[in-house]
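Coordinate inspection notes
In case you want the letters, here they are:
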Amino acid sequence: MTESLDVLGFAGLGRMGFPMARNLLRAGYRLRVYNRTPARAGELVAEGAERVERPRDLAQPGGVVFSMLADDAALEAVTLGDDGLLAGLAPGGVHVSFSTVSPAIARRMQRWHAERGCAYVAAPVVGRPDAAAAGKLWICLAGEPAARQRVLPFLQLLGQAVFPFGDEPALANVVKLAANFLVGSALEALAEALTLAEKQGVERAALMEMLAQTIFACSVYQNYGRMIAERRFAPGFSQRLALKDLGLVLDAADEARVPMPLAGLLHDRLLSGVARGRGEEDWTTLARAVDEAAGLA
């Protein structure tokens, strides 16, 4: 087992971070964990993890620390300052960020880590909490080659496949934003198509069954499509976080001067959902707004 005598650090024990940290712990790695809400660490501590009070205490000098955090601000808060994880990492250390954040913050993180003699690796993940628990995530990876090679065994434990995108961490974040944009667009399209079918007298689930076996036989349409067809909105990725991601998509598009009108529509759909108090509901519940617009209860 790679670096079996070393202590790994993990910051961020939310719906995705918790099962990922647990998988590292259950694989036999020594693990220090940090979360802004300390109670979230309780189960992992009972299984052998060590909870620390400050992010800087996650790292042993020259070691490896992982983070799975909500947004740019949370990543900065955990990483920087006298109590930040970078203060404890020391030269030779590697910080792997699983977070969906902006390409801009990834570039700054790369620079700040390099100034300390450390490496910053972006490894945003594709998949829901159940995939994280099963070690079946898809992981987008970018960062300096030596650091990528060093952390690859850990990533292979957490995901079913790792896709490299070069030496610049920001590129992995661009890939993740593009993926989330496509998934969100599929949700909107599914909701509109199924609502049209229902109002014309076609049974929603029957239509989805046909589509999922034929021209849309892929996981996004099969899994999300059935959830929307059945109006079965299991907790997963909140509208609030999806809205944050679509904002990042539009920011990146503005920076690159790429018109993305569909991204704007999807952003406004999510913004409306959050304004209506649905921010913590799964983003598949944007389908409710499509139902309501069509006069369906």
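Conventions and cut-offs
Residues numbered from 1 in each chain as written. Predicted model: local features only at pLDDT ≥ 70, side-chain atom pairs only at ≥ 80, totals over all residues. Heavy atoms only, no water. Helix = DSSP H or I, 4+ residues; strand = E, 2+ residues; numbered from the N terminus. Rg over C-alpha atoms; globule rule 2.2 N^0.38 Å. Contact = heavy atoms within 4.5 Å. Areas by Shrake-Rupley, 256 points an atom, 1.4 Å probe, with all protein chains shown as cover. Lys, Arg positive; Asp, Glu negative; His and termini not counted. Charge placed at Lys NZ, Arg CZ, Asp CG, Glu CD. Core = buried A, V, L, I, M, F, W, Y, C linked by side-chain atoms within 4.5 Å. Buried < 20%, exposed > 50% of the residue type's maximum accessible area, 1.4 Å probe, protein only. Axes fitted to C-alpha atoms, helices over the stretch in contact; angles between N-to-C directions. Parallel < 35°, antiparallel > 145°, perpendicular 65-115°, else oblique. Left-handed = near helix turned anticlockwise from the far one by under 90°. Nonpolar A, V, L, I, M, F, W, Y, C, P; charged D, E, K, R; others polar. Pairing = 2+ DSSP bridges.

What follows is about the overall build of the protein. Scanning the protein for helices and strands turns up 13 helices and nine strands. Relative to the globule expectation of 19 Å for 297 residues, the C-alpha radius of gyration of the protein, 20 Å, shows essentially globular dimensions. Each of the three principal axes of the protein carries a C-alpha extent, and together these read 65 × 45 × 35 Å. Counting contacts in the protein only where the partners sit at least 6 residues apart, residues at least 24 apart contribute 67% of the total. Summed over all atoms, the accessible surface of the protein reaches about 13,200 Å², with 56% contributed by carbon and sulfur. Side chains of the protein carry 31 positive and 33 negative charges; the gap between the two charge centres is 2 Å.

Counting residues in hydrophobic clusters, the biggest one holds 35 residues, and the most contacted among them are Phe 10, Met 20, Phe 66, Val 96 and Phe 98. Beyond its immediate stretch of four places on either side in the chain, Phe 98 contacts Phe 10, Met 20, Phe 66, Ser 67, Met 68, Ala 123, Pro 124, Val 125, Leu 155 and Leu 158. By size, the runner-up hydrophobic cluster in this structure holds 32 residues, among which are Ala 197, Tyr 224, Phe 237 and Leu 248.

Close contact between helix α11 (residues 239–256) and helix α12 (residues 261–275) brings their axes to 9 Å; oriented N to C, the two are set at 150°. It follows from the interaxial angle that α11 and α12 lie roughly antiparallel. Regarding α11 and α12, the two cross each other, and that crossing is left-handed. Here Gln 239, Arg 240, Ala 242, Leu 243, Leu 246, Gly 247, Val 249 and Leu 250 of α11 come into contact with α12, specifically with Ala 263, Gly 264, Leu 266, His 267, Arg 269, Leu 270, Leu 271, Gly 273 and Val 274. Looking at the contact of α11 with α12 residue by residue, the classes come out as 10 nonpolar, five polar and two charged.

Looking now at the sheet that holds strand β3 (residues 50–51). Strand order across the open sheet formed by six strands is β3-β2-β1-β4-β5-β6, with parallel pairing between neighbours. At either margin of the open sheet sits one strand with a lone partner, and together these are β3 and β6 (119–122). Two elements, strand β4 (residues 64–67) and strand β5 (residues 94–97), share four bridges in a ladder whose sense is parallel. The residue bridging Val 64 from the neighbouring strand is Val 94, located in β5. The sheet strands contacting helix α5 (residues 103–115) are β5 and β6, and the helix crosses β6 at an angle near 155°.

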